[in-house]
Amino acid sequence: MVKLINLYTSSFKGLSQESWMLALVMLINRAGSMVLPFLGVYMTNHLHFSIENSGIVLSFFGIGSVIGSWFGGMVTDKIGEYKVQSLSLLLSVPLFCMIPFFKTEAGLAGIILIQSIVSETFRPANSVAITKYAKPENITRAFSLNRMAVNLGFSIGPALGGILSAISYEFLFYSNALAAFLAGLMYIWFFRGRAKRAKLEAKKVKEAIVIKKENSPYQDNKFLIFCALCMLFSMCFFQLFSTLTIFYKDTAHLSQQNIGYILGYSGFLIVLLEMGFVQLAEKYFTLAFTMLIGTFLCGLSYAMLAFDYSMVMLLVSMTLLCIGEIWTLPFMATITALRSGENNKGAYMGLNGMSFSIAFIITPYVGTLIADKLGFNTLWIGTGVLAVAIAVAFYFVIPWMLKEKNKVEEEM
């Protein structure tokens, strides 16, 4: 027990003040993120859309994410992560407030598309900021700290969202807007001076050395394969935000409050375990083995729902999904950072973010279509089988990709 406590506490040591502040900003922003987990339920129960049409509307969030990730990565390399994150947070505020005024499929799809583009430009800029302010040996833990903040916010948001949605769905959108506004103010207050100093230092470096031209991630074939696997993994994992909540509601017959509590439990569990589990993986596992185990556990967590969906099994499934998530998502960001160069991190992070976003286009529609036509059991078993295949592919692709990168750097 003492060793476990020491392992957990030591996982927080060595992280910079900026890393902690980035996590705090993310916590405030995500604590208000109640919309996405309940958007499917909002459309089917409140607006009375069909399950298939709800999946189509949710796909527009993914389309916006693709555009936002690409645009955010490109602009971050040009104007810096500070301006991109500030604008993304502040412009999200009025867009969240506008969502309740759109009641048709076309109208809701349009406003969600715009809101998603604006909010998702934040992601590659935020990833660049994490790598910028973290020590090289602490990159994965810095990403994990940020994700811990995301999940702490996610444990608060959906639990509160389940309560608020039972009163009025409009509270979800306005709470999201308030959280984005507070996060934007906090970020600007803390990083404004640091961004100016970093810009001056970067200018001096440019004047002192000739910066080498680096390849575009869109021409990096091995990284493109890695991103394709990340997309397929995301198609499995993102059932959490689309079909899983519908399954909870329609098949497991959970109330909105109980759905919120289970989602809140997942966030709390990740907050409790992530930093320790990440340090454990860094100490004893290779990147490839960590991704293998994490992806396999995510697939298993869904496959088991085909055989039992009692409350105990739902909690066991969510627990495995959380552990699998811990051993995949932060390491994907680390692998991307290791593969990128000094001056194209935004583009690499943006491309990797696009793999998640493309999955978000496909997943809601395909997931709801399979559930509607073939049943949830087929969906969960298919998800499990696909995840196992992805896990094996990760195990071989990651060493192949990073070995070449290290070889090129040694030759230079």
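These numbers come from a predicted model, not from an experiment.

### Here we look at the overall build of the chain
Here is step 1: Regarding its fold elements, the chain presents 17 helices and 0 strands.
Here is step 2: Within the span of the chain, comprising 412 residues, buried residues form 57% of the whole.
Here is step 3: Residue pairs at least 24 apart in sequence account for 87% of intrachain contacts in the chain once pairs closer than 6 positions are excluded.
Here is step 4: Counting every atom, the chain has about 17800 Å² of accessible surface; 69% of that belongs to carbon and sulfur.

### Topic: the packing of helix α11 (residues 243–250) against helix α12 (residues 256–284)
Here is step 1: Remark: α11 packs on α12, axes separated minimally by 10 Å, with the N-to-C direction vectors making an angle of 135 degrees. In terms of orientation, α11 lies oblique with respect to α12. The crossing of α11 and α12 is right-handed. Between α11, through T245, Y248 and K249, and α12, the contact on the second element is made entirely by Q256, I259, I262 and L263.
Here is step 2: A per-class count over the contact of α11 with α12 returns 4 nonpolar, 2 polar and 1 charged.

### Looking at helix α7 (residues 122–133)
Here is step 1: For α7, spanning 12 residues, the distance from its first C-alpha to its last is 16 Å, which sits close to the expected 16 Å at 1.5 Å a residue.
Here is step 2: Burial runs high along α7: 10 of the 12 residues are buried.
Here is step 3: Along α7, the positions that sit buried rather than exposed are F122, P124, A125, N126, S127, V128, A129, I130, T131 and Y133.

### Some points on the packing of aromatic side chains
Here is step 1: For the structure shown, the criterion picks out 22 aromatic pairs.
Here is step 2: Plain terms: the ring middles of F223 and F226 are 6.0 Å apart, the flat faces sit at 35 degrees to each other, and that makes the pair tilted. In this pair, F223 and F226 both sit in helix α10 (residues 221–237), 3 residues apart, roughly one turn of the helix. Across the pair, exposure class does not vary: F223 and F226 are buried alike.
Here is step 3: Measuring from ring centre to ring centre gives 5.5 Å for Y302 and W380, while their planes differ by 15 degrees; the resulting arrangement is stacked. Of this pair, Y302 sits in helix α13 (residues 287–303) while W380 sits in helix α17 (residues 376–411); the two residues are 78 residues apart in sequence, bridging distant segments of the chain. Residues Y302 and W380 agree in their burial class; the two are buried.
Here is step 4: The rings of Y82, Y133, Y187, W189, F190 and F191 are connected pair by pair, giving a single aromatic cluster.

### Some details on the packing of α13 against helix α14 (residues 311–326)
Here is step 1: Where α13 contacts α14, the two axes come as close as 7 Å, and the packing angle between them is 160 degrees. Between α13 and α14, the angle falls in the class roughly antiparallel. In this structure, α13 crosses over α14, and the sense of that crossing is left-handed. Side by side, α13 and α14 meet where G294, L297, C298, L300, S301 and Y302 of the first sit next to S317, L320, L321, I323, G324 and E325 of the second.
Here is step 2: For the contact of α13 with α14, the residue count by class is 7 nonpolar, 4 polar and 1 charged.

### Thoughts on unusual backbone geometry
Here is step 1: For H48, which is not glycine, the phi dihedral falls at a positive 60 degrees.
Here is step 2: Tracing the backbone through its elements, the reader meets H48 in the loop between α3 (35–46) and α4 (51–79).
Here is step 3: Even without being a glycine, H253 presents a positive backbone phi close to 60 degrees.
Here is step 4: H253 gets classed as exposed once you look at its relative accessible area, which sits at 64%.

### Notes on a nonpolar patch on the surface
Here is step 1: Judged by side-chain polarity, F289, F296, L300, V388, V392, Y395 and F396 come together as a nonpolar surface patch covering roughly 600 Å² of accessible area.
Here is step 2: Of all the secondary-structure elements, those providing two or more residues to the nonpolar patch are α13 and α17.
Here is step 3: Element by element, the count of residues in the nonpolar patch is highest for α17, at 4 residues.
Here is step 4: Take L300: it is sitting in helix α13.

### So, the nonpolar core
Here is step 1: The biggest cluster of nonpolar side chains holds 87 residues, and the ones touching the most others in it are L108 and F394.
Here is step 2: The two domains that each donate at least three residues to this core are domain 1 (17–202) and domain 2 (218–404).
Here is step 3: Not counting the four nearest positions on each side in its chain, L108 is found in contact with Y42, M43, L47, F49, V57, I99 and F102.
Here is step 4: The next biggest cluster of nonpolar side chains, apart from the first, holds 29 residues, and it includes M21, V25, A129 and F143.

### Observations regarding helix α16 (residues 345–373)
Here is step 1: For α16, built from 29 residues, the straight-helix expectation of 42 Å at 1.5 Å per residue is met to within 8% by its first-to-last C-alpha distance of 42 Å.
Here is step 2: At T363, α16 shows its maximal bend, which comes to roughly 30 degrees, and the proline P364 appears one to four places after that position.
Here is step 3: Just downstream of α16, G375 is the residue with a positive phi angle, here 100 degrees.

About the criteria used
Residues numbered from 1 in each chain as written. Predicted model: local features only at pLDDT ≥ 70, side-chain atom pairs only at ≥ 80, totals over all residues. Heavy atoms only, no water. Helix = DSSP H or I, 4+ residues; strand = E, 2+ residues; numbered from the N terminus. Buried < 20%, exposed > 50% of the residue type's maximum accessible area, 1.4 Å probe, protein only. Contact = heavy atoms within 4.5 Å. Areas by Shrake-Rupley, 256 points an atom, 1.4 Å probe, with all protein chains shown as cover. Axes fitted to C-alpha atoms, helices over the stretch in contact; angles between N-to-C directions. Parallel < 35°, antiparallel > 145°, perpendicular 65-115°, else oblique. Left-handed = near helix turned anticlockwise from the far one by under 90°. Nonpolar A, V, L, I, M, F, W, Y, C, P; charged D, E, K, R; others polar. Expected span 1.5 Å × (residues − 1). Phe/Tyr/Trp six-rings, centres within 6.5 Å; stacked < 30°, edge-to-face > 60°. Patch = residues over 30% accessible without salt bridge, like charges linked within 9 Å, V, L, I, M, F, W, Y side chains within 5 Å. Salt bridge = Lys/Arg side-chain N within 4 Å of Asp/Glu carboxyl O. Core = buried A, V, L, I, M, F, W, Y, C linked by side-chain atoms within 4.5 Å. Domains from an automatic or database assignment. Bend = angle between axes of the 7 residues up to and from the residue.

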